[in-house]
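Each chain, written out:
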Amino acid sequence: MTEEMKGSRMGKVRVVLIGFGGMGRQYAQMLRDNEVEGMVLSGVCCRNTKGQGVLQKEFPGVSVYSSVEDTLAHQEEFDAAVIVTPHTSHVEIGKAMVRAGKHILVDKPAGVDAQSVSELIDEAERNQVSFGMIFNVRMNPAFQKAKELLQAGVLGRVTRTVWMCNTWYRTPAYHHSAPWRSSWNGECGGLLMNQLQHYLDVWQWLFGMPEEVLAVVDYGKYNDFAVDDSADLLFFYPGDFRGTMISASGENPGINRLDIWGTKGRLSIEDTERIILDENVMSTEEFAQVNQEIYGRLEHRQREISVEKNSRAYQQWFKNYADHLIKGTPLYADGNEGLKSVELANGAYLSAWSGSRQKFPVDRGVYQAWLKRQQEKELQEKGLQARD
């Protein structure tokens, strides 16, 4: 526990929210209603006057700041900042906070490129403050059970994984809901940098970071924009393990199914809540040694594993962060975990742009150069459309 935390009021972590959009408002209500043990809402940074009016009316006793600079001018009022702003601002705001000695909890993604996220991690370490990520999807009981089974070796040696997830159909109403959305200049990407970040995190949480990626990415396949809305990713691991992730934001009805094959059977997760375990009576390796029939069949038994739904994932995640600062409890996900999902997205983009496999970690200078080209191209195309 830091000296700063010892002095926080009522033994609770005083947090300020940077951002009062969709998720920012949800977090503010959760904290206002005392749903997170060990944490209290001290203030909210909101730039627009309409949001400020809502805060003053619905959040009595909570300070309202008009900018990050205004927030830092009152830094004695809070211990940690929860950053819930557009993606491209996460690193810049994060650096400002950690340089002021403030802990940070950042909504996904950690940033838009691996280089800048690494810089934020270094800055937090240099200033001896905590850098946590919000990856609440890890709290899903189905994914937690999958991790438990994998760690217990229930599937034996894992050989293949296929995740089909295209359940986030989005129309222009969504893409036009904010000027920064779904653009290279405003969001530095589309599907991979937005909707898929949580699942890229779950992927590496379950299976670890791959050695390489080969990606086929479509840009504006379903929408009138320059960023990605469809992706097929092939991840390569040491040995014979391969993983495929297929996703899109313009297809309906969608499906969410994760299948994991190993030498002892298959584990399937349907719609993030139904778990089916299909176990071989013996491993494929053992059966190959004892079977004498040309078309010998390895018997398997299927059973469903029941898990209870979790409606308090956000509350549990925020409590973990409070416990980390007050008691030293390990974080569910720190900045290094946030770096991994950004690295996966960067690698996929670079593979698609170059038409080749990309090794991890990616060449960060090369990635930033490619990204800049996409941003310049997008601006040129918008300029032409405006003149037309």
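Every value quoted in this text rests on a predicted model; they were computed, and no experiment measured them.

Participant: Give me the lowdown on the overall build of the protein chain, citing residues and values where you can.
Facilitator: Helix and strand counts for the protein chain come out as 13 helices and 15 strands. Taken against the 2.2 N^0.38 rule, which gives 21 Å for 388 residues, the C-alpha radius of gyration of the protein chain at 23 Å falls within 12% of a compact globule. The C-alpha extent of the protein chain, read off along each of the three principal axes, is 75 × 60 × 40 Å. Taking all 388 residues of the protein chain together, 53% fall into the buried category. In the protein chain, of all internal contacts separated by at least 6 residues, the share reaching a separation of at least 24 is 68%.

Participant: Please give an account of the nonpolar core that cites residues and values.
Facilitator: Within the largest apolar cluster, 58 residues are counted, with the highest numbers of intra-cluster contacts made by Leu41, Val82, Met97, Phe131 and Phe318. No other element matches the seven residues that helix H11 (residues 313–327) contributes to this core. Leave out the neighbours within four places in its chain, and Met97 touches Ile18, Val68, Thr71, Leu72, Phe78, Ala81, Lys102 and Ile104. Ranked by size, the runner-up nonpolar core spans 53 residues in total, among them Leu150, Trp163, Val217 and Ile305.

Participant: Please set out the side chain of Asp278 residue by residue, giving values where relevant.
Facilitator: The residue Asp278 is located in strand E13 (residues 274–280) in this model. In this structure the side chain of Asp278 is engaged in a polar contact, spanning 3.0 Å, whose partner is the side chain of His300. Apart from residues no more than four positions distant in its own chain, Asp278 is found in contact with Lys264, Gly265, Arg266, His300, Arg301 and Gln302.

Participant: Describe the side chain of Gln195, listing the residues and the values that go with them.
Facilitator: Summarising the element assignment, Gln195 is placed in the loop between helix H8 (172–175) and helix H9 (197–207). Of the residues examined, Gln195 reaches a relative accessible area of 8% and is grouped as buried. In this structure the side chain of Gln195 is engaged in a polar contact, spanning 3.4 Å, whose partner is the side chain of Tyr174. If sequence neighbours within four positions are ignored, Gln195 has contacts with Lys108, Trp168, Arg170, Tyr174 and Gly190.

Participant: Any chance you could break down the packing of H9 against helix H12 (residues 335–354) for me, citing the residues and the numbers?
Facilitator: When two helices pack together, their arrangement is captured by the angle between the axes and the distance separating the axes. Between H9 and H12, the shortest axis-to-axis distance is 9 Å and the interhelical angle comes to 110°. By the criterion of interaxial angle, the relationship of H9 to H12 is roughly perpendicular. Contacts between H9 and H12 involve Gln197, Leu200, Asp201 and Gln204 on the former and, on the latter, Glu337, Lys340, Ser341, Val342, Leu344 and Ala345. In terms of residue class, the contact of H9 with H12 is built from four nonpolar, three polar and three charged.

Participant: So, empty space enclosed by the protein: which residues are in play, and what are the values?
Facilitator: A complete count under the given rule lists one cavity of 30 Å³ or more for this structure. If you add up the space inside the largest cavity, you get close to 50 Å³. Taken together, Tyr174, His175, Ser182, Glu187, Gly190, Leu191, Asn194, Gln195, Phe225, Asp228 and Ser249 make up the full set of residues lining the largest cavity. By residue class, the composition of the lining of the largest cavity is three nonpolar, six polar and two charged.

Participant: How would you summarise unusual backbone geometry if you had to cite specific residues and measurements?
Facilitator: The omega angle of the peptide bond from Lys108 to Pro109 is -10°, so this bond is cis rather than trans. Cis geometry marks the peptide bond from Asn252 to Pro253, where omega comes out at 0°. Turning to its location among the elements, Pro253 is positioned in the loop between strand E10 (242–248) and strand E11 (256–262). The phi dihedral of Asn34 falls on the positive side, at around 55°, and the residue is not glycine. Residue position: Asn34 is located in the loop between helix H2 (22–32) and strand E2 (39–45). The class for Asn34 is exposed, based on a relative accessible area of 57%. Backbone geometry at Cys188 places phi at a positive 60°, although glycine is not the residue there. Inspection of the secondary structure assignment puts Cys188 in the loop between H8 and H9. Residue classification places Cys188 among the buried positions, given a relative accessible area of 5%.

Participant: Explain the pairing of strand E6 (residues 131–134) to me, and be specific about the residues and the numbers.
Facilitator: Neither face of E6 is open: one carries Phe131 and Met133, the other Gly132 and Ile134, and all of them are buried. In this region the chain leaves strand E5 (residues 103–107), passes through helix H6 (residues 114–126) and returns to the parallel neighbour E6; the handedness of that crossover is right-handed.

Participant: Outline the sheet that holds strand E12 (residues 265–270), supporting the account with residue identities and numerical values.
Facilitator: The strand order across the open sheet formed by nine strands is E14-E13-E12-E11-E7-E10-E9-E8-E15, and the pairing between neighbours is mixed. Two strands close off the open sheet at either side, each with one partner strand: strand E14 (300–305) and strand E15 (358–359). Bridge count for E13 against E14 is six bridges, and the pairing is antiparallel. Across the sheet, residue Leu277 finds its bridge partner in E14, namely Arg303. Here H9 sits on the sheet in contact with strand E7 (158–165), strand E9 (228–236), E10 and E11, set at roughly 165° to E7. Packed onto the sheet, H12 meets strand E8 (212–219), E9 and E15 and runs at close to 70° relative to E8.

Participant: Please give an account of H9 that cites residues and values.
Facilitator: Of all 11 residues in H9, 11 are buried; the element is thus mostly enclosed. Of all the positions in H9, only Gln197, His198, Tyr199, Leu200, Asp201, Val202, Trp203, Gln204, Trp205, Leu206 and Phe207 are classed as buried. One or two positions beyond H9, positive phi appears at Gly208, with a value near 85°.

Rules behind the numbers
- Residues numbered from 1 in each chain as written.
- Predicted model: local features only at pLDDT ≥ 70, side-chain atom pairs only at ≥ 80, totals over all residues.
- Heavy atoms only, no water.
- Helix = DSSP H or I, 4+ residues; strand = E, 2+ residues; numbered from the N terminus.
- Rg over C-alpha atoms; globule rule 2.2 N^0.38 Å.
- Buried < 20%, exposed > 50% of the residue type's maximum accessible area, 1.4 Å probe, protein only.
- Contact = heavy atoms within 4.5 Å.
- Core = buried A, V, L, I, M, F, W, Y, C linked by side-chain atoms within 4.5 Å.
- Polar contact = N/O pair within 3.5 Å; in protein donor to acceptor, adjacent residues only side chain to side chain.
- Axes fitted to C-alpha atoms, helices over the stretch in contact; angles between N-to-C directions.
- Parallel < 35°, antiparallel > 145°, perpendicular 65-115°, else oblique.
- Nonpolar A, V, L, I, M, F, W, Y, C, P; charged D, E, K, R; others polar.
- 1 Å grid on protein atoms, 1.4 Å probe; cavity = no way out; pocket = protein on both sides within 12 Å on 5 of 7 lines; lining within 4 Å.
- Points joined across faces, edges and corners; volume = space filled by probe spheres on them.
- Right-handed = clockwise from strand over helix to strand, strands pointing away.
- Pairing = 2+ DSSP bridges.

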